[in-house]
Amino acid sequence: MADQESHETTQDGIAANATKAPEVDNDGAKASSPISVSQFMMSNKAESIMWLLRVFTLVSTFFFLFPIFGVAEGGYFYQRALLANALTSVCRLHQRLPRFQFSRAYITQALLEDSCHYFLYSLIFITSYPITLCLVPVAVFSLLHATAYNRKILDIIGPNSIPWMRSFLDKMTMHQQILFKFIACNEILLMAASVFMLLGGRAHLFLPFFYYRFMTLRYASRRNPYCRTLFYELRVATEQLTARPSCPTFLQKACHKVIKLICKLAPGS
């Protein structure tokens, strides 16, 4: 027994020394083996793919807003941005959901995820007439979700590398709630924009109905309550505005009817 314990102790010591060996340089001092950016990305393939897709979404949005290669090419960048966003949402859904099952329970669970919401969002608008407002939530979400990965890459490059980028990422994190509210505001405005597009002949008949289903999912979202919160804040602000004596009677009645209609269409009402 004593010989066996001594043999196991010797083996453990050899394994420990083998583990620590890369941390010792020729002079006997400890030296850490730095990891490169490419090694980090290869060790986190799923996160790296989503990060690249988000960067591609931002680049495509930029070239759509600023059609350097021509107006016709800008329309293709609009579709590319939505396609990249759809692929990012699919990758995120693959991480969050169990193995695919063709069942009602699985679909119900998928519809609770924000990634599924924006996968459907991309499918709704990818074949429609290009709308600048449509790419705003996609671009801001890509920018927000890429922040943590960007910070990891900067830490690998160096603790004080690219200070202006670190400052920008810190400001993004600081104003995260404001940006989420800004996205929710765009989502609400797009509901009205889809109706006007239909009346103007620039959207298919089912666009407002599909987008309404998207809005009900966003309103009932568990992870992102900003859409629901913004609806409440807009209702309170409208009621305070119409309660003023200087507000015309016809405007009061119109606002109250719109509020009742929205409350009626809201999920769970």
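Parameters and conventions
- Residues numbered from 1 in each chain as written.
- Predicted model: local features only at pLDDT ≥ 70, side-chain atom pairs only at ≥ 80, totals over all residues.
- Heavy atoms only, no water.
- Helix = DSSP H or I, 4+ residues; strand = E, 2+ residues; numbered from the N terminus.
- Buried < 20%, exposed > 50% of the residue type's maximum accessible area, 1.4 Å probe, protein only.
- Contact = heavy atoms within 4.5 Å.
- Areas by Shrake-Rupley, 256 points an atom, 1.4 Å probe, with all protein chains shown as cover.
- Polar contact = N/O pair within 3.5 Å; in protein donor to acceptor, adjacent residues only side chain to side chain.
- Expected span 1.5 Å × (residues − 1).
- pLDDT = per-residue confidence, 0-100.
- Salt bridge = Lys/Arg side-chain N within 4 Å of Asp/Glu carboxyl O.
- Axes fitted to C-alpha atoms, helices over the stretch in contact; angles between N-to-C directions.
- Left-handed = near helix turned anticlockwise from the far one by under 90°.
- Nonpolar A, V, L, I, M, F, W, Y, C, P; charged D, E, K, R; others polar.
- Patch = residues over 30% accessible without salt bridge, like charges linked within 9 Å, V, L, I, M, F, W, Y side chains within 5 Å.

Quick word on the overall build of the protein chain
Turning to step 1, where the next piece is worked out: Summing up its helical and strand segments, the protein chain has 13 helices and zero strands in all.
Turning to step 2, where the next piece is worked out: Classification of the 269 residues of the protein chain by burial places 33% in the buried group.
Turning to step 3, where the next piece is worked out: In the protein chain, once contacts between residues fewer than 6 apart in sequence are set aside, the share between residues at least 24 apart is 64%.
Turning to step 4, where the next piece is worked out: For the protein chain, the accessible surface area stands at approximately 17,500 Å², while carbon and sulfur atoms represent 65% of it.

Quick look at the side chain of T57
Turning to step 1, where the next piece is worked out: Summarising the element assignment, T57 is placed in helix α3 (residues 45-65).
Turning to step 2, where the next piece is worked out: Separated by 2.8 Å, the side chain of T57 and the backbone oxygen of L53 make a polar contact.
Turning to step 3, where the next piece is worked out: Ignoring any residue separated from it by four or fewer positions in sequence, one finds T57 in contact with A81, A84, N85, V138 and S142.

Some words on helix α12 (residues 226-242)
Turning to step 1, where the next piece is worked out: The end-to-end C-alpha distance of α12 is 24 Å, a good match for the 24 Å that 17 residues give at a rise of 1.5 Å each.
Turning to step 2, where the next piece is worked out: Buried residues belonging to α12 abut α10 (176-199), α11 (207-219) and α13 (249-265).

Remarks on the confidence of the model for the protein chain
Turning to step 1, where the next piece is worked out: On average, residues of the protein chain score 83 in pLDDT, and 87% of them reach the 70 mark or higher.
Turning to step 2, where the next piece is worked out: The least confident element of the protein chain, judged by mean pLDDT, is helix α1 (residues 2-20) at 43; the most confident is α3 at 93.
Turning to step 3, where the next piece is worked out: Note that residues 1-31 has pLDDT below 50 and, in this model, eight contacts with residues that lie over four places away or in other chains.

Considering the pattern of salt bridges
Turning to step 1, where the next piece is worked out: One pass over the structure, following the stated rule, counts nine salt bridges.
Turning to step 2, where the next piece is worked out: The closest approach of N and O atoms between R96 and E113, which form a salt bridge, is 2.8 Å. Highlighted residues: R96 in helix α4 (residues 71-96) and E113 in the loop between α5 (104-111) and α6 (114-125), separated in sequence by 17 residues.
Turning to step 3, where the next piece is worked out: The salt bridge partner of E233 is K181, with a shortest N-O separation of 3.1 Å. Taken together, the residues E233 in helix α12 and K181 in helix α10 connect sequence positions 52 residues apart.
Turning to step 4, where the next piece is worked out: Exposure remark for E233: the relative accessible area of 33% places this residue in the partly exposed category.
Turning to step 5, where the next piece is worked out: Through salt bridges that share partners, R96, E113 and R223 make up one connected network.

Observations concerning the packing of α3 against helix α7 (residues 132-145)
Turning to step 1, where the next piece is worked out: Remark: α3 packs on α7, axes separated minimally by 9 Å, with the N-to-C direction vectors making an angle of 145 degrees. Between α3 and α7 lies a crossing whose hand is left-handed. Touching R54, T57, L58, T61, F64 and L65 of α3 are T132, L135, V138, A139, S142, L143 and H145, all from α7.
Turning to step 2, where the next piece is worked out: In terms of residue class, the contact of α3 with α7 is built from seven nonpolar, five polar and one charged.

Details of unusual backbone geometry
Turning to step 1, where the next piece is worked out: Positive phi is not limited to glycine here, since I162 has a value of about 45 degrees.
Turning to step 2, where the next piece is worked out: Of note, I162 is situated in the loop between α8 (147-157) and α9 (163-174).

Section: a nonpolar patch on the surface
Turning to step 1, where the next piece is worked out: Side chains of F62, L65, F66, I68 and F69 sit close together on the surface and give an oily, nonpolar patch of about 540 Å² of accessible area.
Turning to step 2, where the next piece is worked out: Relative to the helices and strands, F69 is located in the loop between α3 and α4.
Turning to step 3, where the next piece is worked out: Given a relative accessible area of 56%, F69 falls into the exposed group.

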